[in-house]
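Fold and geometry: a report
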Amino acid sequence: MGLMVQDLLGILETYQASGELFDVSEWMSMFALQGIAGVGFGFNFGLLKDRSSLHHPFPVALAYVQSMLTKRNLLPSWLKWWATSTGFRFHRDLTFVRKTIADALIERRAYPHGDDDDKDLLDFMLSANTKEGEYLDDELIRDNVMAMITAGHNTTSSLLSWAMLELARNRKITNKVVQELLDVGIPPGIIPSPEQLNQCHYLDAVIKESLRIHSPVISIPRYCKKDCVIKVQGNEYEIKAGQHIQIQTNALHRNPDFWENPDVFDPERFMNSEVNGQRHHNAWMPFNDGPRACIGRSFAMQESKLALAMMFRKYQFVMDNSSQHINHTIVVSLKPVNFYVRVKSALPAECSMADGQVHCASVPVPMVMTAAPDTSVKFRLPKATFLFGTQDGMSEEYARRLSVQAKEYCIDKVTVEELDDWAAAKCEKGSNVNPSKASADGDIQVAELVVIITSTYNGYPPTNALDFDQWITRRIADIEKTKIKEFDGCMYAVFGCGNKQWASTFQKFSKKVDSGLEVLGAERLLPLGAGDASKDIDGDFDLWSTELWKALMQRFGQETSTNTANEPVANPSNEFTLTFMPQVSNKYAVAHAAENRLQHSIFGEIKVNRELQVIEKSHRSTRHIEIVFPPAEDGKPLYDAGDHLEVTPVNDSRIVEEIALNLGLVLDAVFEITDLQISSLSPKSMVRTLEN
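On a predicted model such as this, the values are computed, not experimentally measured, just so you know. (Residues numbered from 1 in each chain as written. Predicted model: local features only at pLDDT ≥ 70, side-chain atom pairs only at ≥ 80, totals over all residues. Heavy atoms only, no water.)

Tracing the backbone through its elements, the reader meets E166 in helix α7 (residues 138-169). For the buried E166, which has no salt bridge, the nearest side chain bearing the opposite charge is R169, at an N-O separation of 4.9 Å. Excluding its chain neighbours within four sequence positions, the residues that come into contact with E166 are I213, H214 and F265. (Helix = DSSP H or I, 4+ residues; strand = E, 2+ residues; numbered from the N terminus. Buried < 20%, exposed > 50% of the residue type's maximum accessible area, 1.4 Å probe, protein only. Lys, Arg positive; Asp, Glu negative; His and termini not counted. Salt bridge = Lys/Arg side-chain N within 4 Å of Asp/Glu carboxyl O. Contact = heavy atoms within 4.5 Å.)

This is the structure we're talking about:
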């Protein structure tokens, strides 16, 4: 996505050079269309290649089809097929759009992504199947792709266009945004890191306020399945089954009961966490809510934030008349029309919006590493089960990462599976475990360790945890009658993946699982872990996993081993000694260091290197590469399945030396690392520690 924003910056540069008016709505539509098509489905239409992209046949055809949808819905059925010029063009353009997507689908089936390639939505749609083994047919996939592209790019382009309009009209707000970008150290034209974007809280507030005052979707239709009564401020409204209702988001977002000065664009209203917490969670509902909420809301928020940050860090957008009335149109979503700006250069990095002082500061990324396993601890867990509930793969990744660490802790039997596949839940009874006890030799044993990593979606469990959710609900209800705690002797821990931006449902399902297992008699190893995707969820998980292994050692290791569990490593540099070695007096060590630098002259050999894509059609390259590594000196393989392989470029040595000289670096400096206390510290982590 960052590369696409850089392509957009290239378009903006041409408008800056020429001084011509920039059509915001048109180009935001092109950017959002290329974004959802490229990131979601791997389609590269070249829409940001140059300014002639506005006349690309795909967006032109798609725009006409979208503009006619509402009009055709109002026509009688027989008139839709009447031989008119507009009807002919509609069917011609609709056929072209469908064929373009179908051709891309055929190409993906012919040249699928490899196991090591990043997966997109199209990959998941192609591989999705029912428990009976039925797959989606190509026509259904094509229509779903078309629907997602249409809805996704229109709403995102609407958000970007309205946000740019408000920023162009409110110079003070724009100054605060630019100052924030300077403060977190984002250079012009450079893709910011996730950590830098996470610190742009005021930009978040600008986006939310824009969505409040300019909701892309102005109404949300709902169908009532059964008779119900809605109570509002003492009044009761009866709604019969079969009735249709409309939720007017514009009225909701401008309701003075929830919003002070609702017609004023004021991002500060989203900066007060206390006030936001007291406001009803459905007072702001641009993405809808509940099971039918927009599935692409996180993608849209991240895409918009990245685009606005990079655009306003490099350019200023100035209206010839900031008080000009801007009309709007509805093409799937609400968009401004005839909204033009002139593109000018933004402030250089050495300037500040506040006081003329330098405020660009690089923000170091905190490093968290899990504690190293103490293999001398003699306890064994006959079974460790890592369960995950996910729809995007994150929880599964975390569960599998923990399973690898469990083997390093000498846990004999390790299982990783979906929550719905857990045998204890499928057989409608407890896990048949007995309370933990000490063996004759004093080695403490437990029957089962269960670690659950799960997400929550709008307050509901993920699709591969629906059966588990029904099971634990029944078991909690039954225990009130039976009083039998079936999971005595089972030890558990739960980590929930969520996003605090959706505060009302944050960690709802993971909390249910955590409390439910305790009710069923299981022993909680440590408190519920909560990962927040709006900040640093990987860091949250690393901290929690450190506490997991620490708690495990403390719970069972103290009675079986004199070695206590390792503490979390907050500052790895305290765990080793770094010594600079002069080259003159340490010639042998310097020579040995040179060998280390070259990995003892062991190189992998590339056996196969072939192209998988038809580059002329896909405009992208995916290669199948097979590399053979000889055994290392210690006999262990240099590469195991699942390891990460890092590829670094070869630079001209003369240029490298000149740059190093100008930076005051000594490329052949030798350091010795001694007193290393952490056996699991990876080379990459060591390098990062030295850099810090």
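The pairing of strands in a sheet comes from backbone hydrogen bonds and takes either a parallel or an antiparallel form. Here three strands make up an open sheet; going across it, the order is β1-β9-β6 and the pairing antiparallel. Of all the strands in the sheet, the pair left with one neighbour each is β1 (22-23) and β6 (315-318). Taken together, the four bridges between β6 and strand β9 (residues 340-345) define a ladder with antiparallel strand orientation. Counterpart to Q316 in the pairing with β9 is K344. (Pairing = 2+ DSSP bridges.)

This part is about the confidence of the model for the chain. Across the chain, the average pLDDT comes to 79, with 80% of residues at 70 or higher. Here residues 348-379 is a poorly scored stretch, pLDDT under 50, and it has 88 contacts once near neighbours within four places are set aside; other chains count. Ignoring residues within four places in sequence, the model shows residues 678-685, a span with pLDDT below 50, making 17 contacts including any to other chains. (pLDDT = per-residue confidence, 0-100.)

Core analysis: the largest hydrophobic core is formed by 86 residues, its most contacted members being F43 and M311. Here this core takes twelve residues from α7, the largest share from any one element. Setting aside residues no more than four positions away along its own chain, F43 makes contact with Q34, A37, G38, I101, A104, L122, V145 and I149. (Core = buried A, V, L, I, M, F, W, Y, C linked by side-chain atoms within 4.5 Å.)

Attention now moves to the pairing of strand β7 (residues 328-331). The pairing of β7 with strand β8 (residues 333-336) spans four bridges and is antiparallel. Each residue of the ladder has a partner; that of H328, found in β8, is P336. Where β7 folds back onto β8 in an antiparallel hairpin, the turn is made up of one residue, including V332, whose phi is positive at roughly 70°.

A word on helix α2 (residues 24-41). With 18 residues, α2 should reach 26 Å at 1.5 Å per residue; the first-to-last C-alpha distance of 25 Å fits that figure. Of all 18 residues in α2, 16 are buried; the element is thus mostly enclosed. For α2, the capping residue at the N-terminal end is D23, with a side-chain oxygen 3.4 Å from the backbone nitrogen of S25. Note on α2: the residue one or two positions beyond its end, G42, has a positive phi of about 75°. (Expected span 1.5 Å × (residues − 1). Polar contact = N/O pair within 3.5 Å; in protein donor to acceptor, adjacent residues only side chain to side chain.)

The subject of this paragraph is the side chain of H214. Within the fold, H214 resides in the loop between α10 (201-213) and β2 (219-223). A distance of 2.7 Å separates the side chain of H214 from the side chain of E166, its partner in a polar contact. With sequence-adjacent residues up to four places away left out, H214 is seen in contact with W162 and E166.

The next subject is unusual backbone geometry. Unlike most non-glycine residues, N288 shows phi in positive territory, near 70°. Residue position: N288 is located in the loop between α12 (273-278) and α13 (297-314). Exposure remark for N288: the relative accessible area of 14% places this residue in the buried category. With a phi angle near 65°, Q507 is a residue other than glycine that sits in the positive phi range. Tracing the sequence through the fold places Q507 in the loop between β15 (490-498) and α17 (508-519).

Our focus in this paragraph is the pattern of salt bridges. This structure, assessed with the given rule, holds 26 salt bridges. Note that R475 is salt-bridged to D478, the shortest N-O span being 2.9 Å. Of the two residues, R475 and D478 are both situated in helix α16 (residues 466-482); the distance of three residues between them amounts to about one turn of the helix. When its relative accessible area of 13% is taken as the criterion, R475 is described as buried. Accessibility expressed as a relative area gives 28% for D478, which makes it partly exposed. Put simply, R89, R92 and D93 are held in one network by salt bridges that share partners.

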